[in-house]
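The lines below spell out each chain.
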Amino acid sequence: TTRGRRAEPGHRFAFMTGDKEGEVVAPSDVKIGEQPLLVYPMDAETGDILASRANLLILMRVPEGDLDPSMEQHAAAGIVAYSAICTHEGCPISGQHENPRMAVCNCHGSTFDVGNNGVVVQGPAVRRLAMLPVTITDGALVVAGKLNGPIGPPA
Ligand code: FES
């Protein structure tokens, strides 16, 4: 069972939806300026996809020179990962913004800077998104740490 399991170093990412649902995400699947890619962690050894609300993540690619210096060791070729659960009322974050550093929640417009630790640049959300470090190993996009904060709205 995958119940209660969370993203861990060494896990990969699997598409949540679309034509490639369940397939492993390659670095080239994450493109600058596209809407956040909704994914789940995948245990690369067992193939288990850790599909749960708490594990829903977004992947985005920020132009590398545009990353905040604090993010450089947590990103890979500009790719960054965050909890997909909006910290306002918990919608999945899937909206695009003209600035490729920004992820927008389509429910009420909260905007988060994924090039800088997921901080809120426009409310109503008040809490940043939890960030998940990633790396590229042998050409694969891999989880490199743990989510660094609480998921979703404050209790
Ligand atoms: Fe995301 Fe309200 S739930 S802005």
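The structure presented is a predicted model; accordingly, all values stated were derived computationally and were not measured.

## Examining the sheet that holds strand 6 (residues 111-113)
Part 1: Spatially, 5-6-7 is the arrangement adopted by the three strands of the open sheet, whose pairing is antiparallel. A single partner strand is all that each edge strand has here, and the edge strands are strand 5 (102-104) and strand 7 (119-122). Neighbour-to-neighbour, the strand axes of this sheet turn through a mean angle of 35°, independent of strand direction.
Part 2: As defined by bridge partners, strand 5 adjoins strand 6 across three bridges and the pair is classed as antiparallel. Looking at strand 6, one finds that valine 104 is bridged to threonine 111.

## A look at the environment of valine 25
Part 1: Its location among the elements puts valine 25 in the loop between strand 1 (12-15) and strand 2 (37-42).
Part 2: The exposure class assigned to valine 25 is buried, which follows from its relative accessible area of 2%.
Part 3: Counting along the chain gives 81 residues from valine 25 to asparagine 106, while the straight-line C-alpha distance between them is 24 Å.
Part 4: Not counting the four nearest positions on each side in its chain, valine 25 is found in contact with Phe13, Ala14, Phe15, Val30, Leu37, Val39, Leu59 and Leu141.

## Structural notes on the confidence of the model for the protein chain
Part 1: Across the protein chain, the average pLDDT comes to 95, with 99% of residues at 70 or higher.
Part 2: The ipTM for the predicted assembly is 0.99, set against a pTM of 0.96.

Thresholds applied
Residue indices begin from 1 for each chain and proceed along its sequence in written order. pLDDT decides what is reported in this predicted model: residues at 70 or higher carry local features, side-chain atom pairs at 80 or more are listed and counted, and totals for whole chains, interfaces and linings draw on all residues regardless. Calculation of side-chain values draws on the structure's entire complement of heavy atoms; hydrogens and water are dropped beforehand. When DSSP locates at least two bridges between a pair of strands, those strands are taken to pair. We count a stretch as a helix when DSSP gives it H or I for four or more residues in a row; a strand needs E for two or more, and each element gets its number in order from the N terminus. Axes, fitted as lines to C-alpha atoms, cover a helix only where it is in contact. Angles between the N-to-C directions of the axes lie from 0 to 180 degrees. For each residue, the accessible area found with a 1.4 Å probe, counting protein chains only, is set against the maximum for its type, and the residue is called buried under 20%, exposed over 50%, and partly exposed in between. Contacts are residue-level and defined by heavy atoms, with any inter-residue pair within 4.5 Å sufficient. How sure the predictor is of each residue is captured by pLDDT, a score from 0 to 100.

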